[in-house]
Amino acid sequence: MMDGTILKVRDLKTHFQTDRGVVKAVDGVDFDVRTGETFGIVGESGSGKTLTALSILKLVAPPGRIVSGSVVFKSEDLLLLDAERLRKIRGSKISMVFQEPASAFNPVFTIGYQIIEAVMAHQAVKMSKARDLAMEFLKRARIADPAKAYHDYPHQLSGGAKQRAMIAMALVNSPELLILDEPTTALDVTIQSQILDLLDEIRERERLSTLFISHDFGVIARMCDRVAVMRKGLIVESGDKAQILNDPKEEYTVSLLESVKALA
Amino acid sequence: MMAELIRNRMAASALAFIILMLVFAAFAPAIAPYNPTEIDTKNILTAPSKAHIFGTDTLGRDIFSRIVYGSRISLSIGFIAVGIAVLIGIFFGSVAGYYGGRIDSIMMRFVDIMLCFPTFFLILAVIAVLEPSIFNIMVVIGATGWMGVARLIRAEILTLKEREYVMASKVMGARPAWMIVRHLIPNAIGPVLVSATLGVGGAILVESALSFLGIGVQPPTPSWGNMLMDGKSTLGVAWWHTVFPGLFILFTVLAYNLLGEALRDFLEPRLRR
């Protein structure tokens, strides 16, 4: 299980062409996510973490542009695929959970409908089967009263419940790689730890490979096997969690860790 | 408080009038006391009375019956022309807004070009070349009235497509057409609904104007516009011949405008004064 590499990112550069020059938001990032592991990217706001994740799925909106690099998922370079092949991978092989559960659902449709939509985008199944799948994954996400949540509109759910529904939606097509972009940042601390428990449980059960993005060293330390520290579009240091936490080589990592300690 | 009540009451009366017109159109044969095209030479230009509540015209036809049947023309032209305009506008606006970039530039420049034409004269010219039939009128009004809708939809979609749920939907692998139809258009439809409601009134006016000029709905089919034209020559002796159709045009257009305003207040409460 732990031998292969599911995602290999090499020299990834995403730049923004603006009136005041080029902003190098992601500027030559290399990392691997091994099959079955949780790989963490940690860094301050604006360091390019989220953009790295979006670049992997080739979802950078103009004026942003992926200028170079390769993102090899299993054996395919995602950046070379045509739009339709890429669409088929998004949400089925690779799926993503966003930071803000409140805005990641369309306000005019029910939760259940939106999960069904995710199923129907990838699986040629009957409506009733899709509905069963949606219910099944809402249950697996340990949402309180899944039958009610299914029929609820996003605004009727609490932030934590919405994030559980988001996780259910991300998992409904049984992805092989799950990208979690600050999945607990918008939630308060108690809910945060419940969601992390849930993610732990799912990762164990589904043997998922996970790319976990956070600015929070505490969360990263709890969830990840290996960690990369990102700053200004570059990975300044990466390695096993224990090594990064106990024996950081780079000054920036040291100061980042100290800032967490100072708060605690 | 008081002002709002009056506004609501006005909107309610507007809606009631529109429903009345829909009933007129739907059940015209049952409501109209006479055949609208039946000529009665013994009763030419009779003033409103019990037998003919709105009087008769130069051929002795019952004005009320003609108004009732005329509502069919006005409403079908209003709805279908606006329907065509809304469909074209939504298609144009959503594609331009969603894809952006060069596609957007080209499509919106085309909209600008379309907006340069003096619409009414374009309609006049087209109808003069083609046959003046109801079908042609609907198509031409629709085909020259979609640019506002396209701009509204595009503007909405430009902001909506930056929303995180649209990104989430892309991440989940939604197809672009699906995304536009299911996620963007429903969230952008509010202003279009307002504009369409106002547009129905506008389309009815254009139809009346065309019919008044004689290149709209052709006699003997009654429309409010051609009744006005028939009546203008006898305006001095038979006021009812023009006043009643004119009032129906006035009230119908007013009703759609009021309803549109009320819809705007309802859908966009932030704009409320």
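Residues numbered from 1 in each chain as written. Chains lettered and ligands numbered in written order. Predicted model: local features only at pLDDT ≥ 70, side-chain atom pairs only at ≥ 80, totals over all residues.

## Here we look at the confidence of the model for chain B
Which entries qualify depends on this criterion: Along the chain, pLDDT gives the predictor's confidence residue by residue, from 0 to 100.
When the pLDDT values of chain B are averaged, the result is 87; 96% of them are 70 or greater. Quick note on the complex model: pTM equals 0.77, ipTM equals 0.78.

## With respect to the sheet that holds strand β10 (residues 234-240) of chain A
Residue and element names in this part refer to chain A. What counts here: Paired strands, as defined in this entry, are two strands with at least two bridges between them according to DSSP. Secondary structure elements follow DSSP: runs of H or I of four or more residues count as helices, runs of E of two or more count as strands, with numbering from the N terminus. Helix axes use the C-alpha atoms of the stretch in contact, all axes being lines fitted to C-alpha atoms, and the angles between their N-to-C directions lie in the range 0 to 180 degrees.
Taken in spatial order, the six strands of this open sheet run β6-β7-β8-β3-β9-β10, and their pairing is mixed. Of all strands in the sheet, those with a lone pairing partner are β6 (94-97) and β10, marking the two edges. Across the sheet, the mean angle separating the axes of adjacent strands is 15 degrees when strand polarity is ignored. Here five bridges tie strand β3 (residues 38-43) to strand β8 (residues 209-214), and the two strands are oriented parallel to one another. Residue pairing in the sheet places isoleucine 41 in a bridge with isoleucine 213 of β8.

## Considerations on the interface of chain A and chain B
Selection criterion: For every residue pair, C-beta atoms are placed from the backbone, and the pair is scored as a contact if these atoms sit within 7 Å. Lys, Arg, Asp and Glu make up the charged group, whereas Ala, Val, Leu, Ile, Met, Phe, Trp, Tyr, Cys and Pro make up the nonpolar group; the residues left over, Gly among them, are polar.
The interface of chain A with chain B comprises 21 residues on the first partner and 15 residues on the second. Residues that form the side of chain A that touches chain B fall into these classes: eleven nonpolar, five polar and five charged.

## Focus: helix α8 (residues 164-171) of chain B
Heads up, the rule is: Partly exposed residues are those whose C-beta has more than 12 but fewer than 20 other C-beta atoms within 10 Å; with 20 or more the residue is buried, with 12 or fewer it is exposed, and the C-beta atoms are placed from the backbone.
With six of its eight residues buried, α8(B) lies for the most part within the structure. Tucked into the core, α8(B) has its buried residues touching β6 and α3 (101-104) of chain A together with α7 (147-160) and α9 (176-212) of chain B.

## Examining the sheet that holds strand β4 (residues 64-73) of chain A
Residues and elements named next belong to chain A. Taken together, four strands build an open sheet; the order of strands is β2-β1-β4-β5 and the sheet is antiparallel. Because the sheet does not close on itself, it has two edges, and the strands there are β2 (21-34) and β5 (76-77). Sheet analysis places β4 next to β5, joined by two bridges and oriented antiparallel. Paired with valine 72 across the bridge in β5 is aspartate 77.

## Regarding the domain arrangement of chain A
Residue and element names in this part refer to chain A. Rule in force here: For the domain bounds, the source is a domain assignment made automatically or taken from a database.
When cut into domains, chain A gives domain 1 (5-93 + 178-263) and domain 2 (105-174). The centre of domain 1, based on its C-alpha atoms, is set 25 Å off from the matching centre of domain 2. At the interface, twelve residues of domain 1 touch 13 residues of domain 2. Examining the composition of the side of domain 1 that touches domain 2, we find that five residues originate from one element, helix α8 (residues 189-206), more than from any other.

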